[in-house]
Amino acid sequence: MQKKYILMILVICLLAAGISAAPAAARDVSPGSTIFVYEDELNFTGDLSGAAQLQYKSNNNVLNMISVQDPDNFNLLASSVGDYTGSWDVINSSGTKLGTVLIYYPDLSIDIVLAKDGVSSVQEWGFLDTEAYLIKISSPHVGPSGIDLDAEVNVIFKGADGSETTYVSGNSFADIRVDSVQVLTNASFRPKDLGKTTTIYAEWSSPTSFHNYAATSNSITMEYNDVTDPGVSITTNPTSTPTTATPSVTVTTIPPTTVATTPTPVETTSEPTTEIPTPSPTESSLPVYLVTLSLLGALVLFRR
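Predicted model, so just to flag it, every value in this text is computed and none were measured.

Rules used throughout
- Residues numbered from 1 in each chain as written.
- Predicted model: local features only at pLDDT ≥ 70, side-chain atom pairs only at ≥ 80, totals over all residues.
- Heavy atoms only, no water.
- Helix = DSSP H or I, 4+ residues; strand = E, 2+ residues; numbered from the N terminus.
- Buried < 20%, exposed > 50% of the residue type's maximum accessible area, 1.4 Å probe, protein only.
- Core = buried A, V, L, I, M, F, W, Y, C linked by side-chain atoms within 4.5 Å.
- Contact = heavy atoms within 4.5 Å.
- Pairing = 2+ DSSP bridges.
- Axes fitted to C-alpha atoms, helices over the stretch in contact; angles between N-to-C directions.
- pLDDT = per-residue confidence, 0-100.
- Phe/Tyr/Trp six-rings, centres within 6.5 Å; stacked < 30°, edge-to-face > 60°.
- Salt bridge = Lys/Arg side-chain N within 4 Å of Asp/Glu carboxyl O.

Asks: How would you explain unusual backbone geometry if you had to name every residue and give the values?
Replies: Following Ser206, the chain continues into Pro207 via a peptide bond in cis, with omega recorded as 0°. By the element assignment, Pro207 lies in the loop between strand 16 (197–206) and helix 4 (208–213). Positioned with a positive phi, Ser169 is a non-glycine residue whose angle comes to about 55°. Secondary-structure assignment places Ser169 in the loop between strand 12 (167–168) and strand 13 (171–172). Residue classification places Ser169 among the partly exposed residues on the basis of a relative accessible area of 29%.

Now the structure itself:
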């Protein structure tokens, strides 16, 4: 009897594994859709189902072209887009325009504002030891796109020793949903709960392709000296966006002590170098054979 129960448990586990291995659904792209560099498994549907090429034009001159080898499973690479963002024409194999899509990079930026009004920025007023602060996250294209990307961001607090955390002042700053142009964190923090030198920045936690390849936000580095106004150094990072790199800029609120700028972490993960679409994952047939054998075994033991 005990063997029968063991086999039945094995069957249930195998069935559960088979269900969890189901491939993720591709995101549908229709005329007027916004798609992002680093997205994968894009599916051109409806009027765009015959997509064979994307073209970027200016004054009727084609400046860039991207081949769509598989309109049902398309990956958009930064090396293909370059610095051409905005409206792209979708062309079929006969050269006929099917419609347009918008292509952008998933840019991020942050500011730190007073929790009590959600507006007053540390870039203007500096930090006050007695106040709590929120992180304002801006994403000009991902937020208002209205697409089902499950776009989420982690706010990182990096100490002078290189340690990183998303948990400060008893609050979590992880997996913050980005569903509008600007988002304020529900969680707040106080400068006195940080180390002497802390660098704050944001990075995508979801989708995975954004986390792996998209640039992080600008960073804000603060020196806490346990005085009424410890001072703050604001640094804008150069990003991996293919537009002309923005030079580092330091804006310092007049502090009582010298403020040091801490180097900002730069995303170093290399992006894919090929345009060849990755076939949609399929479920392995192995779990099916195991389930069948388990069922047969369970049946034999049950008959005994």
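What follows continues from the structure just given.
Asks: Describe the nonpolar core, naming the residues involved and giving the relevant values.
Replies: In this structure, Leu54, Ile103, Ile112, Ile135, Ile137, Phe189 and Trp204 are the most contacted members of the largest nonpolar core, which totals 53 residues. Leave out the neighbours within four places in its chain, and Ile112 touches Ser120, Ser121, Val122, Phe127, Tyr133, Leu134, Ile135, Phe189, Ile200 and Ile220.

Asks: Residues and numbers for the sheet that holds strand 7 (residues 97–104), please.
Replies: A sheet is described by the order of its strands in space; here five strands give the open sequence 2-7-6-4-5, paired in mixed fashion. Of all strands in the sheet, those bounded by a partner on one side alone are strand 2 (34–36) and strand 5 (61–67). Looking at each pair of strands side by side, their axes are set apart by 40° on average, direction ignored. Inspection of the sheet shows strand 6 (residues 86–92) paired to strand 7 by six bridges, in the antiparallel sense.

Asks: Break down the sheet that holds strand 9 (residues 133–138) for me, citing the residues and quoting the values.
Replies: Hydrogen bonding along the main chain pairs the strands of a sheet, whether they run parallel or antiparallel. Across the sheet, which stays open at both edges, the three strands sit in the order 8-9-15 with antiparallel pairing between neighbours. Either end of the sheet is taken by a strand with one partner, and the two such strands are strand 8 (109–114) and strand 15 (182–184). Along the sheet, successive strands turn relative to each other by an average axial angle of 25°, direction set aside. Note: strand 8 against strand 9, six bridges, orientation antiparallel. The partner of Ile112 across the bridge, within strand 9, is Ile135.

Asks: Break down the confidence of the model for the protein chain for me, citing the residues and quoting the values.
Replies: Looking at the protein chain, the pLDDT average stands at 76 and 64% of residues meet or exceed 70. For the protein chain, strand 19 (residues 249–252) is the element with the lowest average pLDDT, namely 35, and strand 6 is the one with the highest, namely 98. The low-confidence segment residues 10–24, where pLDDT is below 50, has 13 contacts with residues more than four positions distant or belonging to other chains. Overall, residues 298–302 carries pLDDT values under 50, and its contacts beyond four positions in sequence, including any with other chains, amount to six contacts.

Asks: Can you lay out the packing of aromatic side chains for me, pointing to particular residues and giving the numbers?
Replies: If you walk through the whole model with that rule in mind, you get 12 aromatic pairs. With 5.2 Å between their ring centres and 45° between their planes, Tyr56 and Tyr84 make a pair best called tilted. One end of the pair, Tyr56, is in strand 4 (residues 51–58); the other, Tyr84, is in the loop between helix 2 (78–81) and strand 6, and 28 residues separate them in sequence. The exposure class of Tyr56 is buried, given its relative accessible area of 17%. Residue classification places Tyr84 among the partly exposed residues on the basis of a relative accessible area of 27%. Every member of this aromatic cluster is reached through a ring pair, and the members are Phe127, Tyr133, Phe157, Phe173 and Phe189.

Asks: Please set out the pattern of salt bridges residue by residue, giving values where relevant.
Replies: Within the structure shown, the criterion is met by six salt bridges. Residue Arg27 pairs with Glu39 through a salt bridge whose shortest N-O separation is 2.5 Å. Remark: Glu39 occurs in the loop between strand 2 and strand 3 (42–44) and Arg27 occurs in strand 1 (residues 27–29); sequence separation between them is 12 residues. Classification of Glu39 as buried rests on a relative accessible area of 4%. Between Glu223 and Lys196 there is a salt bridge; the shortest N-O distance is 3.3 Å. Linking Glu223 in strand 17 (residues 219–223) with Lys196 in the loop between strand 15 and strand 16, this pair joins segments that are 27 residues apart in sequence. It is possible to trace a salt-bridge network through shared partners that takes in Lys57, Asp89 and Lys97.

Asks: Describe in detail the pairing of strand 6, supporting the description with residues and values.
Replies: Judged by how many residues are buried, strand 6 sits mostly within the fold: six of seven residues are covered. Here strand 4 pairs with strand 6 via four bridges, running antiparallel. Within strand 6, the residue paired with Leu54 across the bridge is Val90. Hairpin connection between strand 6 and strand 7: a loop of four residues separates the two successive antiparallel strands, and Gly95 in this loop has a positive phi of roughly 90°.

Asks: Report on the environment of Phe210, specifying residues and quantitative values.
Replies: Here Phe210 lies in helix 4. Accessibility expressed as a relative area gives 1% for Phe210, which makes it buried. Linking Phe210 and Phe36, residues 174 residues apart in sequence, is a C-alpha distance of 9.2 Å.

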